[in-house]
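So you can see what is in the structure, the chains are spelled out below.
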Amino acid sequence: MKYGTIFWLMVFSAVLHAQDLQTFNEKRIKRDQALMLTLGSWASANAVSGAIGWTTAKSPEMKSFHQMNVMWNAVNLGLAVPGYLKARNAKAVMSLSATLSEQQKTERIFLFNSGLDIAYITAGFLLRSMALNQQAKADQLNGFGKGLILQGSFLFAFDLTAFALHHRHGKQVLRLVDGKE
């Protein structure tokens, strides 16, 4: 009788653990969907306003600024749509090791992207600096530079926030492993 009770307690514990993992993964997936919707919304709004600005701006610098925003946000939209679809089709039922692997991969991607965003901002400042010595292209370089600084700054805030949200959420799976949840 004692071994039977222990067996059923272990089965019950495993079922609860699997449900906790599934809930954890469902929350991670919903977060990914919301983040990709945020990126897609930013990209859409910037692409539309950039297209309008590109066609209506009077100064060459502002035309270049809006042109950069259109091009940059076409890329953002090209990342947000597949990212959202991937999150929408993700499976919440995963093993503990698969959950940990997916969690770590997600955090690494957003942290790595934050580093790339700093490079984009730096490139924007570099273009603006180059404009000082290249008067023939000064408007274009300043406009592109300002666009890169704007887009890189948004993406830096976005990626760092996404990393922080996922990292904080990831600590929950560690509590599940330790049995403290």
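Residues numbered from 1 in each chain as written. Predicted model: local features only at pLDDT ≥ 70, side-chain atom pairs only at ≥ 80, totals over all residues. Heavy atoms only, no water.

Caption draft 1: Focus on the overall build of the chain. Of the regular secondary structure elements, the chain holds four helices and zero strands. By residue count, 34% of the 181 residues in the chain fall in the buried class. Contacts in the chain between residues at least 24 apart in sequence constitute 81% of all its contacts with a sequence separation of at least 6. A total accessible area of about 10900 Å² is found for the chain, and carbon and sulfur atoms account for 67% of it. (Helix = DSSP H or I, 4+ residues; strand = E, 2+ residues; numbered from the N terminus. Buried < 20%, exposed > 50% of the residue type's maximum accessible area, 1.4 Å probe, protein only. Contact = heavy atoms within 4.5 Å. Areas by Shrake-Rupley, 256 points an atom, 1.4 Å probe, with all protein chains shown as cover.)

Caption draft 2: A look at helix α2 (residues 60–88). Under the 1.5 Å per step criterion, the end-to-end length of α2 is 41 Å for 29 residues, consistent within 8% with the ideal 42 Å. Within α2 the residues assigned to the buried category are Glu 61, Ser 64, Phe 65, His 66, Met 68, Asn 69, Val 70, Trp 72, Asn 73, Asn 76, Ala 80 and Ala 87. (Expected span 1.5 Å × (residues − 1).)

Caption draft 3: Geometry of the confidence of the model for the chain. Overall, the predicted model of the chain reaches an average pLDDT of 88, with 85% of residues at or above 70. Looking across the chain, the model is least confident in helix α1 (residues 2–56), with a mean pLDDT of 80, and most confident in α2, with 96. (pLDDT = per-residue confidence, 0-100.)

Caption draft 4: Here's a closer look at the packing of aromatic side chains. Inspection of the entire model under this criterion finds four aromatic pairs. Aromatic pair Trp 72 and Tyr 120: ring centres 4.8 Å apart, planes at 80 degrees, arrangement edge-to-face. Of this pair, Trp 72 sits in helix α2 while Tyr 120 sits in helix α3 (residues 96–131), and the two are 48 residues apart along the sequence. Residue Trp 72 is classed as buried on the basis of its relative accessible area of 17%. Within the aromatic cluster, the residues linked to one another by ring pairs are Trp 42, Phe 110, Phe 154 and Phe 158. (Phe/Tyr/Trp six-rings, centres within 6.5 Å; stacked < 30°, edge-to-face > 60°.)

Caption draft 5: Fine view of the side chain of Asn 73. Relative to the elements of secondary structure, Asn 73 occurs in helix α2. A polar contact is formed between the side chain of Asn 73 and the backbone oxygen of Asn 69, at a distance of 2.9 Å. At 3.0 Å, the side chain of Asn 73 and the side chain of Asn 76 are in polar contact. If we skip the residues at most four places from it in the chain, Asn 73 touches Trp 42, Ala 43, Asn 46, Ala 47 and Gln 151. (Polar contact = N/O pair within 3.5 Å; in protein donor to acceptor, adjacent residues only side chain to side chain.)

Caption draft 6: Representation of the environment of Gly 170. If you trace the backbone, Gly 170 turns up in helix α4 (residues 138–178). According to the relative accessible area criterion, Gly 170 is buried, its value standing at 7%. Along the backbone, Gly 170 and Thr 106 are 64 residues apart, and their C-alpha atoms lie at a distance of 9.9 Å. Among residues more than four places away in sequence, those in contact with Gly 170 are Phe 24, Gln 103 and Glu 107.

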